[in-house]
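Listed below, chain by chain, are the residues.
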Amino acid sequence: MKFSLSWLRAHWSAARPPADIGRQLTDLGFELEALDDPAPAYAALKDLRIAEIASIAPHPQADTLSLAVLTSGETIVCGAPNLAAGMKAVYAPPGASLPNGISIARRTIRGQISQGMLCSEKELNLGDNDDGLLVLPPASPAGEPASSLASRSDPVFTIAVTPNRPDCLGVRGLARDLAAAGFGKLKPLTKIPPLAKKFASPLKIKNDAPDLCPHFCGLHLRGVKNRPSPGWLQDRLKSAGLRPLHALADITNYFALDRARPLHVYDAEKISGAVIIRRAEKNETFTGLDHKIHQPAIAAETACVIADEKTALGLGGIIGGEQSSCTLATRAVFLESAWFAPSPLARTARALNIDSEARRRFERGVDPLSTLPLLKEAAHWIITLCGGEASAVIEAGQPAFRRQKILFRPASVPRLTGLPAKPARIKSQLTALGCAVSQASSRERAKAKNAFSVTPPSWRPDLTGEADLVEEVMRLEGCSALTPLPLPPARPLQNQAQNRAQNRTQNQMQTLSQLRRFVAGLGFAEVINWSFISAEEAALFGGGHERLKLRNPIAAPLSDMRPSLLPGLLRAAGYNAAYGRRDLRFFEIGPVFDEQGEHTACAGLRAGLPSRHWRAREKKPEKNPEKTPENIHGLFDIKSDLVSALAFLGLPAGRLQAAPAQCRWLDASASAKLVLPQGGAAFFGRIAGEAAALFSSPPAWVFEFRYPAYPLALKAYAAPYADLQPALQPALQPVRRDLAFVLDEAIPAQNVIAAIRQSGGREIVNLTLFDIFTAASLGSGKKSLAFEITLRPAPRTDEEIEKLMQKIAAFVAGKTGGRLRDRPA
Amino acid sequence: MPVPSSFAARRGHTLALLAQARSAETLEQVRIAALGRKGWLTAALRDISQLPPPERRAAGQKLNQIKASIQHALASAQRRVKTAGETFAVKPSAADASLPVETSPLLAGRIHPLSQVLDETLAIFASLGFQTAAGPEIESEDYNFTALNIPAGHPAREMHDTFYLTAASADGEPLLLRTHTSPVQIRAMETLTPPVRLIAPGRVYRCDSDRTHTPMFHQIEALVIEEDIHMGHLLGLMKTFLARCFGESEIMLRVRPSYFPFTEPSVEIDVAFTPDGHRAAIEGEGIGEDEIRWLEIAGAGMVHRNVLRRMRLDYDRHQGFAFGLGLDRLAALKYGLPDLRAFFAGDLGWIQSAGLSPFASPAPAIFDAG
């Protein structure tokens, strides 16, 4: 909400600088968003003068230029389109300099001498307008320095009004709050003489929707001569950001901004028959004052249409129609003042997506008792500014308002805020806000000392309970009066079940935090991506369910709740690769969504070009076929990252079984999933070409797993040694033996590993695959896998070890067909 | 060098020769002269048997000591001569130790500033006796609005710019992305009974986008329901928290009345910052009023009677406060990051500079808030 200082001063008086008023408004709960005070900019214009243009003549050599002669005698060459004889403007004489540093001198422009220049708003550093000259008020004293305008300038406040305060969507309401806080005085309203009711309204009203519009008042004005509004009214509307139109429209707008009371004015000659308040009819439309075509039936249950006997004229309390609107030619008007039920009106406006000053006020709650008095006051203004005479008021329904009493115990002020309870002061504060304060009944006073009874005014729909009144006291005292206190020592939760549930959440968050730090420690940079992605991306990554789409996405590519973290990581890879970044490692830990619900997932990505560093070339990865020159990161790098993260979480990472990943976004030839013991799987591999292309990502290796819903306790690092502990006998050296098996290439290594582990049992503490070898000498389609087996330290003879090796070899042969290649001694 | 006659002198002479020797050949000659088959020490040891029995023991001990010292000196001289040769054999220019190496790629790992602030915030509140709670991001209108005293048609629903899902819940209620973490209060209180001190961090969503608003952001919800708890404690807690979060006891903050349907009285809490560094301003740093900008970091207040009723609590018997703290803005002011959109852009350059080492402490620096 915007308003000028002079406007506020029409309701309120105090000799306070604008900055203090702004601070006080913030302290009252109306946050000052901007204070535009032109005074300092005017004060800087010492060299410049206020000039009056005496006459204008065309420039003999230029069509777009004119010669302006000032009353002080100087001639200026000027090209401003709004130049007019008799206007007042700011004049920069030769020798003066403008705020932007430009010095003014006598110049010849197309053969004509210009003795200085006339200035625009922008040239004077007073605003952005550069379309023409700054037009000064006619009363500005010609010949005086332009800096003298500083005292006449009018600062404009921009404040935020919370939705509970419809009364403060009018300047009068803000003035009342300032005065109630002891900051300045509220001026009484000007008394309006009663209207002379010369005739009965020729238009009748018919209310078919009293639930949507409980109270409707109107009157007819005839013999009106519409005209532009006077300067002061135009200035106030402009300060509020509104464009002045003509007196009829401006007066109704002014009542909304000044008194928080929206009104509507119709050209009475454009209304056929009667004014009808009714629900929307199917398929009816009207063109609003916003020049858009509206269909009230979109909100069939709640829309309150104002119509005549032929057509819909507008939506009551939301927007008027173009067809019945007033123009400068209007001779007779119908003036409407009504009260619409806030909740249906809010639903209607939202369904039809219409924003207006009237809507903002009605949906928050306009003072229901202002309907009739302010109708009369507005009619008085119209007659004052435009002439004419008013009919008797016609009225349907009555104000929807019941006074209610709130029991107020002064002790509630310290109870809720810690501020002291001062009953007398509180009473006067509440009275200043318009509340009626009376003694509570003796029965109530017996229960609470000093209790009194408070009846809030009709313009405060937000005051319904005691805590609301406590807030008023806090607001008027100011939050700076609150005393910060430390929290008392914490007490444990009362029962153990509660404690366990809370601890589980706490542990899970802590584990996620540790996992995040662990993955970052593997060289990955954490990103946080939107939880929503495009429908195409969601569909490719196994999501895109109807149930998980947004009805109103902020942008089309952000329409679906993500089923996976990978689209976000791939987008980041594509984005950074486009910037020429080479080694890309990203991860995210965050929510993913599917039809079962929400899960926390962890995903990582490696992509990018090899480093050009000399050492990177030195150890060229020729032996690893999966490492192409375009991509330094291979399948086993990403698997190592994944398995490390799983091991960190305490999973038996080395023993998880790999199976085909079978997902569209992973390349089937270089991917797999690890089956997790508590259900679910961890995926890893190369992103399929289709998915990489969708994000313009370079070839990328990724992993992703969902964090178990009920996590295992974190046993980071402890797990690999857990088996070893009971048998640890440090005096004995570990025994190592190498076994190499020749078997069919198609058999996965994990089968051999499983067979070795199964047959070796607890004797094996570590198993390392140290060589993979294929050669013609092995036979076609064969490979050799060589393992180093570390045995539990124990006193054993060579024969016992040999027997164990034979047992393992036989078992592996049985399970996988692998035969021993050779046995290093 | 004349050859001395006594054993002690011969020992000294031999040790001197060993110390002077520069080649293995010289050492071998010295060794043979003393310890060889015809060496003087070998001969002397052999002659012990010729001595009268009472003297044999003392002579044997003395000669064996001399032998041990010569053997020790010989081994030492042999190592010296050998390694001296090696040192001279290596060309000094072969290894250019000045060649540059790359730092470990693990050093590129970063924690998002939001994660760091989240960890620190959780640590601070845990130390003040707060429990942690969590709730879903896809919520029902009931938990997100109605239970929090925002009935249908209430203008506050407008304030929230809510994202709705196309589907409704099983019982036909519209589903939405939670607009704040406050629904967790309601969910948690379905099982908890006062006294309660809890926090609930998480993602929240609103259809809004500019420098200080993003369609997704992070909040920490706090709820305290205890006897005699009021706005003064809320303010005290906020000051303690900010002091520990920023490591400064005099963070410039502003409390102003505001409006939330679920609290009464309600306030908003702003932190001052200077636009140039975009960091939280500190009282007494001599910052001019014109330079100061305020950023809202929290909405707070005493839990509204209607919300208490939904928690099956009575306004006349129970009281407490709640607040929702904007983590993103906190991180922005802590680390001087003016554009919140960059938090979610995935730009590696930004993450490398704004992100933190995973080895940063997950708890704030130890600081006495006084």
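One numbering rule holds for all chains: residues counted from 1, following each sequence as written. To label them, take the chains in the order written and letter them from A, then take the ligands in the order written and number them from 1. Residue-level local features of this predicted model are given only where pLDDT is at least 70; pairs of side-chain atoms are given and counted only at 80 or more, and the full residue set underlies all totals for whole chains, interfaces and linings. Side-chain measures here rest on the full set of heavy atoms in the structure, leaving out hydrogens and waters.

Caption draft 1: Molecular detail of the overall build of chain A. Only DSSP runs of H or I reaching four residues or more are called helices, and only runs of E reaching two or more are called strands; each is numbered from the N terminus. Helix and strand counts for chain A stand at 22 helices and 39 strands. On the principal axes, the C-alpha backbone points of chain A span a range of 125 × 90 × 60 Å. The buried label goes to any residue with under 20% of its type's maximum accessible area, the exposed label to any with over 50%, and the partly exposed label to all in between, with areas taken from a 1.4 Å probe on protein chains only. In chain A, which comprises 825 residues, the share counted as buried stands at 50%. For chain A, restricting intrachain contacts to residue pairs at least 6 apart in sequence, the fraction spanning at least 24 positions comes to 71%. Between two residues, a contact is recorded if the distance between any of their heavy atoms is within 4.5 Å.

Caption draft 2: Representation of the pairing of strand E4 (residues 49-58) of chain A within the structure. Residue and element names in this part refer to chain A. The criterion for strand pairing is that DSSP finds at least two bridges linking the strands in question. Here E4 pairs with strand E7 (residues 88-92) via 4 bridges, running antiparallel. Counterpart to Ile50 in the pairing with E7 is Val90. Where E4 lies against strand E5 (residues 66-70), 5 bridges are found, and the strand directions are antiparallel. Bridge pairing in E5 places Ala57 opposite Leu67.

Caption draft 3: Up close: the sheet that holds strand E35 (residues 700-706) of chain A. Residues and elements named next belong to chain A. Strand order in the open sheet formed by 7 strands is E27-E30-E31-E35-E34-E33-E32, with mixed pairing between adjacent strands. Two strands bound the open sheet, and with one partner strand each, they are strand E27 (525-526) and strand E32 (658-659). Packed on one face of the sheet, helix H16 (residues 566-578) meets strand E30 (583-594), strand E31 (597-608), strand E34 (681-687) and E35 and runs near 150 degrees to E30. The convention used is that axes are lines fitted to C-alpha atoms, helices contributing only their stretch in contact, and that angles between N-to-C directions extend from 0 to 180 degrees.

Caption draft 4: Just the packing of aromatic side chains, in detail. Residue and element names in this part refer to chain A. Each aromatic pair joins two rings of Phe, Tyr and Trp (for Trp, the six-membered one) with centres within 6.5 Å, and gets the label stacked for planes under 30 degrees apart, edge-to-face for over 60, and tilted for any other angle. On inspection of all chains with the given rule, the structure shows 27 aromatic pairs over all chains. An angle of 25 degrees between the planes, with centres 5.6 Å apart, marks the rings of Tyr254 and Trp381 as stacked. Here Tyr254, found in helix H6 (residues 247-259), pairs with Trp381, found in helix H9 (residues 371-386); they are 127 residues apart in sequence, far enough to count as distant. Accessibility expressed as a relative area gives 4% for Tyr254, which makes it buried. When the ring of Phe518 is compared with that of Phe648, the centres are 4.5 Å apart and the planes differ by 15 degrees; the resulting orientation is stacked. Linking Phe518 in helix H14 (residues 496-521) with Phe648 in helix H18 (residues 635-648), this pair joins segments that are 130 residues apart in sequence. Grouping residues by exposure puts Phe518 and Phe648 together as buried.

Caption draft 5: Looking closely at the packing of helix H11 (residues 423-432) of chain A against helix H13 (residues 466-477) of chain A. All names here are of chain A. H13 packs onto H11 with a crossing angle of 95 degrees between their chain directions and a minimal axis gap of 10 Å. As summarised for this structure, H11 and H13 are arranged roughly perpendicular, according to the angle between their axes. In contact with Arg425, Ile426, Gln429 and Leu430 of H11, H13 contributes Leu469, Glu472, Val473, Leu476 and Glu477. Just so you know the grouping, Ala, Val, Leu, Ile, Met, Phe, Trp, Tyr, Cys and Pro go in nonpolar, Asp, Glu, Lys and Arg go in charged, and all remaining residues, Gly too, go in polar. Residues of the contact of H11 with H13, tallied by class, amount to 5 nonpolar, 1 polar and 3 charged. What sets the label is the angle itself: under 35 degrees gives roughly parallel, over 145 gives roughly antiparallel, 65 to 115 gives roughly perpendicular, and the rest give oblique.

Caption draft 6: Focus on unusual backbone geometry. Cis rather than trans, the peptide bond between B:Pro194 and B:Pro195 has omega equal to 0 degrees. Tracing the backbone shows B:Pro195 in the loop between helix H8 (183-189) and strand E5 (196-205). With an omega dihedral of -5 degrees, the bond running from B:Glu264 to B:Pro265 counts as a cis peptide bond. You will see that A:His291, though not glycine, has its phi angle at about 65 degrees, which is positive. Counting through the fold element by element, A:His291 comes out in the loop between strand E17 (286-287) and strand E18 (293-294). Given a relative accessible area of 61%, A:His291 falls into the exposed group. Unusually for a residue other than glycine, A:Gln662 sits at a positive phi of about 50 degrees. Looking at where A:Gln662 falls in the secondary structure, it is placed in the loop between E32 and strand E33 (666-675).

Caption draft 7: Quick look at helix H5 (residues 113-127) of chain B. Residue and element names in this part refer to chain B. Helix length check: H5, at 15 residues, gives a terminal C-alpha distance of 21 Å against a target of 21 Å (1.5 Å per residue), a fit within 8%. Extensive coverage of H5 is indicated by the burial of 12 of its 15 residues. Taken as a whole, H5 has its buried residues at Pro113, Leu114, Ser115, Gln116, Val117, Leu118, Asp119, Glu120, Thr121, Leu122, Ile124 and Phe125. Gly129 lies just past H5 and shows a positive phi near 90 degrees. The span expected for a helix works out to 1.5 Å for each residue beyond the first.

Caption draft 8: Structural detail: the interface of chain B and chain A. Opposite the 99 residues of chain B that make contact, chain A presents 96 residues. Taking both sides of the interface into account, the surface hidden between chain B and chain A amounts to around 8400 Å²; carbon and sulfur atoms contribute 57%. We define a polar contact as two N or O atoms separated by no more than 3.5 Å, with the added condition that, inside protein, one atom must be a possible hydrogen donor and the other a possible acceptor, whereas residues neighbouring each other in sequence contribute only through side-chain atom pairs. At the junction of chain B with chain A, the criterion picks out 38 residue pairs in polar contact (both at pLDDT 80 or more). By residue class, the composition of the side of chain B that touches chain A is 52 nonpolar, 28 polar and 19 charged. Buried surface area refers to the total accessible area, computed with a probe of radius 1.4 Å, that the two partners give up upon joining, counted for both partners together.

Caption draft 9: Region of interest: empty space enclosed by the protein. Definitions used for this entry: grid spacing 1 Å over protein atoms alone; cavity, a set of points where a 1.4 Å probe fits but cannot get out; pocket, an open set with protein on both sides within 12 Å along at least 5 of 7 lines; lining residue, one with an atom within 4 Å of a point. Grid points are joined across faces, edges and corners, and a volume is the space filled by probe spheres set on the points. Scanning the entire structure with this criterion turns up 6 cavities of 30 Å³ or more. Taken together, 13 residues make up the lining of the largest cavity; nearest its centre are A:Leu28, A:Thr162, A:Asn164, A:Arg165 and A:Arg475. Those elements giving two or more residues to the lining of the largest cavity turn out to be H13 of chain A together with strand E7 (253-260) of chain B. Among the residues forming the lining of the largest cavity, the class breakdown is 4 nonpolar, 4 polar and 5 charged. Estimated volume of the second largest cavity: approximately 60 Å³. Contributing to the lining of the second largest cavity are A:Leu212, A:Thr302, A:Ala303, A:Cys304, A:Leu315, A:Gly316, A:Ile318, A:Phe340, A:Ala341, A:Pro344, A:Leu345 and A:Thr348. Here the element with the most residues in the lining of the second largest cavity is helix H7 (residues 342-352) of chain A; it accounts for 3 residues. Across the lining of the second largest cavity, the residue classes tally to 9 nonpolar, 3 polar and no charged.

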